[in-house]
Amino acid sequence: MSAPSKLPPGETGLPFLGEVTDFLKDGFGFVEGRAERLGPVFKTKILGRPTAIIVGPDAAGQFIDESKIQRQGGMLPHIQVLFGGNALPVLDGEEHRERKAFVMSAFTRDALAGYLPEMQRLVAAAFAGWATGDELRWLDGFKRLALEVISTTILGLPAGPTLDAVAKDYELVGGGFSSLPIPLPGTNYSRARHALDRILAVYAENAKKQLASPSSAGLSRILAARSARDGRQITVDEVKVELHHIVVAGLIVWAWFVTAVQELDRNPEIRERLRAEVASLPAGPLTLEGLMAAPYLMQVSMEIRRLSPVVSVFFGKARTTFEFAGHTIPEGWMVLWGITSSHLRPEIYPEPTKFDPERFGPARHEQDRHPHAFVPNGAGDAHKSHKCAGYEFAPLMLQVFLAELLRGGYQWKLAPDQDVSLDYRKVPPEPRDGLRVRITR
């Protein structure tokens, strides 16, 4: 006789709404607080859907098991709408693998090497423009820099009025992710949907231009790729959605910039050690090989990515009833993997909230304590699983940012009379006063 099923501990909240208001107000605190109190799996209810939230390295392994978790039907409907509909995060099986292969064409090693000079040029130009000695909101600069790098290298969309309009629309889309899905005129959700329509129209038109006149941009690489299954090429309707997904996923790098400058400001000994290493890099253009030969730069960038609150959860749905950590997760339940909380487990990372790049050094190698201990871009094989296609592109942007910041001789002083705490209603969370700073060289 089989043992009776044991549902995870937790609360279900209000009728229909469940605990969605707490979740949207601060998804990071919601997940981590309950994980500390209830363990690596707990239940809740979100907009009428019974939900299991799982955290930790073992949870990552469960989440990428296609026999247990599917992506179709897993995402909250309003979030799926704002992701553009049927994009990679909600596809399964052969459809997902075919689409992923198209997108991965933009992120080969050859492609990354081709993007690096333009990436470095844009980062260097941004620092030169910021270093006036006048006070500015660094958050705004970080957002713009991230968008320009992605747009120039991947989309083939240069700076100008079109990109300015896209940037404003992404502010509206971001506000929609963390709002209740009320489809009435004037609500954050409605404004986000209209903004998304405008963004997708720009991307569709840009794709048509790239088809007519290919360039070195990632978009042209995606459009030129052919399916291994039947030789077809990706359609404009498919690629516009994936471009939006790439931008949304890539824009999180500005949150890494925020963590980087705050932690280097708090830890001068780490900053100066890193400054010495990047100063020893060959002068002139950065190379992939040169960056890979800077081990402390890698350690610092990994610790930034481990600690940065970017997104609180990934969405899935139980394909079948399965067991995890002594509890039963029923078929059909929404299953959320707490990615940020998974990097705060003390059994893997002692003193998990401490900024400590040495945890990734040769003496400790804490990331090797579990196959899924360090998965800031998702777990699994990038070509077969739902791991982010830009899992090497975004960290490269962070490394270029750190290298230009420190070997360029820049000094920054954060305004002391500001609130640098994070507003967790935003995705990613933002410093409440915009990270006011004065930068000199």
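**Quick notes on the pairing of strand β1 (residues 41-46)**
Move 1: Both β1 and strand β2 (residues 49-55) contribute to a ladder of six bridges, which runs antiparallel. Residue F42 lies in a different strand from β2, and its bridge partner there is I53.
Move 2: Turn length for the β1-β2 hairpin, with the two strands adjacent in sequence and antiparallel, is two residues, and the turn residue L47 shows positive phi of about 50°.

**Things to note about the packing of aromatic side chains**
Move 1: For the structure shown, the criterion picks out 19 aromatic pairs.
Move 2: Positioned over the ring face of Y296 is R273, at 3.8 Å from the centre of the ring.

**Looking at the confidence of the model for the chain**
Move 1: Mean pLDDT over the chain stands at 94; residues scoring 70 or higher make up 99%.
Move 2: Helix α15 (residues 295-307) holds the highest mean pLDDT among the elements of the chain, 98, whereas helix α1 (residues 20-25) holds the lowest, 88.

**Some thoughts on the packing of helix α12 (residues 253-266) against helix α13 (residues 268-279)**
Move 1: For the pair α12 and α13, interaxial distance at closest approach is 5 Å and the crossing angle is 110°. Of the possible angle classes, the one that applies to α12 and α13 is roughly perpendicular. Contacts between α12 and α13 involve L264, D265 and R266 from the former and P268, I270, R271 and L274 from the latter.
Move 2: Its residues assigned to classes, the contact of α12 with α13 comprises four nonpolar, no polar and three charged.

**Section: the sheet that holds strand β12 (residues 436-440)**
Move 1: An order of β4-β12-β9 is seen for the three strands of this open sheet, with the pairing classed as antiparallel. At either margin of the open sheet sits one strand with a lone partner, and together these are β4 (135-137) and β9 (411-414). On average, each strand axis in the sheet is tilted by 40° relative to the strand beside it, whichever way the strands run.
Move 2: Sheet analysis places β4 next to β12, joined by three bridges and oriented antiparallel.

**Quick look at helix α2 (residues 27-38)**
One turn of an α-helix holds 3.6 residues; hence residues three or four places apart share an orientation.
Move 1: In this model α2 runs 16 Å from its N-terminal to its C-terminal C-alpha over 12 residues, within 8% of the 16 Å that 1.5 Å per residue would give.
Move 2: Turning to α2, its buried residues number three or more, namely G27, F28, F30, V31, E32, R34 and A35.
Move 3: Tucked into the core, α2 has its buried residues touching α1, β1, β2, β8 (334-338) and α16 (339-342).
Move 4: Put simply, D26 is the residue that caps the front of α2, since its side-chain oxygen is 3.2 Å from the backbone nitrogen of F28.
Move 5: After α2 finishes, the residue G39 shows a positive phi value of roughly 110°.

**Some points on the sheet that holds strand β5 (residues 314-318)**
Strand pairing in a sheet takes place through backbone hydrogen bonds and is either antiparallel or parallel in direction.
Move 1: Pairing within the open sheet is mixed, and its five strands lie in the order β1-β2-β8-β5-β3. The outermost strands of the open sheet, each flanked by one partner alone, are β1 and β3 (69-70).
Move 2: The pairing of β3 with β5 spans two bridges and is antiparallel. Among the inter-strand pairings, Q70 is bridged to a residue of β5, identified as K317.
Move 3: In the packing of α2 onto the sheet, the strands contacted are β1, β2 and β8, and the crossing angle to β1 comes to about 140°.

**Overview of the nonpolar core**
Move 1: With 118 residues, the main nonpolar core has W130, W138, F142, F393, F401 and W412 as its most contacted residues.
Move 2: Ranked by residues supplied to this core, first place goes to helix α17 (residues 393-407) with 11 residues.
Move 3: Every residue in contact with W138, bar those within four places of it in the chain, is listed here: F127, W130, V261, W412, L414, G434, L435, V437 and I439.

**Examining the environment of V236**
Move 1: Of note, V236 is situated in helix α11 (residues 236-250).
Move 2: Distance in space between the C-alpha atoms of V236 and P330 is 38 Å, their sequence separation being 94 residues.
Move 3: Ignoring any residue separated from it by four or fewer positions in sequence, one finds V236 in contact with A204, A207, K208 and L211.

**Comments concerning helix α6 (residues 109-130)**
Move 1: Taking 1.5 Å as the rise per residue, α6 with 22 residues should run 32 Å; its terminal C-alpha atoms sit 31 Å apart, in good agreement.
Move 2: Taken together, the buried positions of α6 are A111, L112, Y115, L116, M119, Q120, L122, V123, A126, F127 and W130.
Move 3: Here the buried face of α6 lies against β4, α7 (138-155), α10 (218-224), α14 (288-292), α17 and β12.

**Focus: a nonpolar patch on the surface**
Move 1: Taken together, the side chains of L180, I182 and L184 make up a nonpolar region of the molecular surface, amounting to roughly 240 Å² of accessible area.
Move 2: Locating I182 in the fold gives a position in the loop between α8 (161-177) and α9 (188-212).
Move 3: Overall, the relative accessible area of 37% leaves I182 in the partly exposed class.

**Focus: the side chain of S301**
Move 1: With respect to the element layout, S301 can be found in helix α15.
Move 2: Apart from residues lying up to four places away in sequence, S301 is in contact with L398, Q399 and L402.

**A short note on the side chain of S342**
Move 1: Here S342 is to be found in helix α16.
Move 2: The exposure class of S342 is buried, given its relative accessible area of 3%.
Move 3: Apart from residues lying up to four places away in sequence, S342 is in contact with V55, G56, P57 and W337.

Definitions and limits used
Residues numbered from 1 in each chain as written. Predicted model: local features only at pLDDT ≥ 70, side-chain atom pairs only at ≥ 80, totals over all residues. Heavy atoms only, no water. Pairing = 2+ DSSP bridges. Helix = DSSP H or I, 4+ residues; strand = E, 2+ residues; numbered from the N terminus. Phe/Tyr/Trp six-rings, centres within 6.5 Å; stacked < 30°, edge-to-face > 60°. Lys NZ or Arg CZ within 6 Å of the ring centre and 35° of its normal. pLDDT = per-residue confidence, 0-100. Axes fitted to C-alpha atoms, helices over the stretch in contact; angles between N-to-C directions. Parallel < 35°, antiparallel > 145°, perpendicular 65-115°, else oblique. Contact = heavy atoms within 4.5 Å. Nonpolar A, V, L, I, M, F, W, Y, C, P; charged D, E, K, R; others polar. Expected span 1.5 Å × (residues − 1). Buried < 20%, exposed > 50% of the residue type's maximum accessible area, 1.4 Å probe, protein only. Polar contact = N/O pair within 3.5 Å; in protein donor to acceptor, adjacent residues only side chain to side chain. Core = buried A, V, L, I, M, F, W, Y, C linked by side-chain atoms within 4.5 Å. Patch = residues over 30% accessible without salt bridge, like charges linked within 9 Å, V, L, I, M, F, W, Y side chains within 5 Å. Areas by Shrake-Rupley, 256 points an atom, 1.4 Å probe, with all protein chains shown as cover. Salt bridge = Lys/Arg side-chain N within 4 Å of Asp/Glu carboxyl O.

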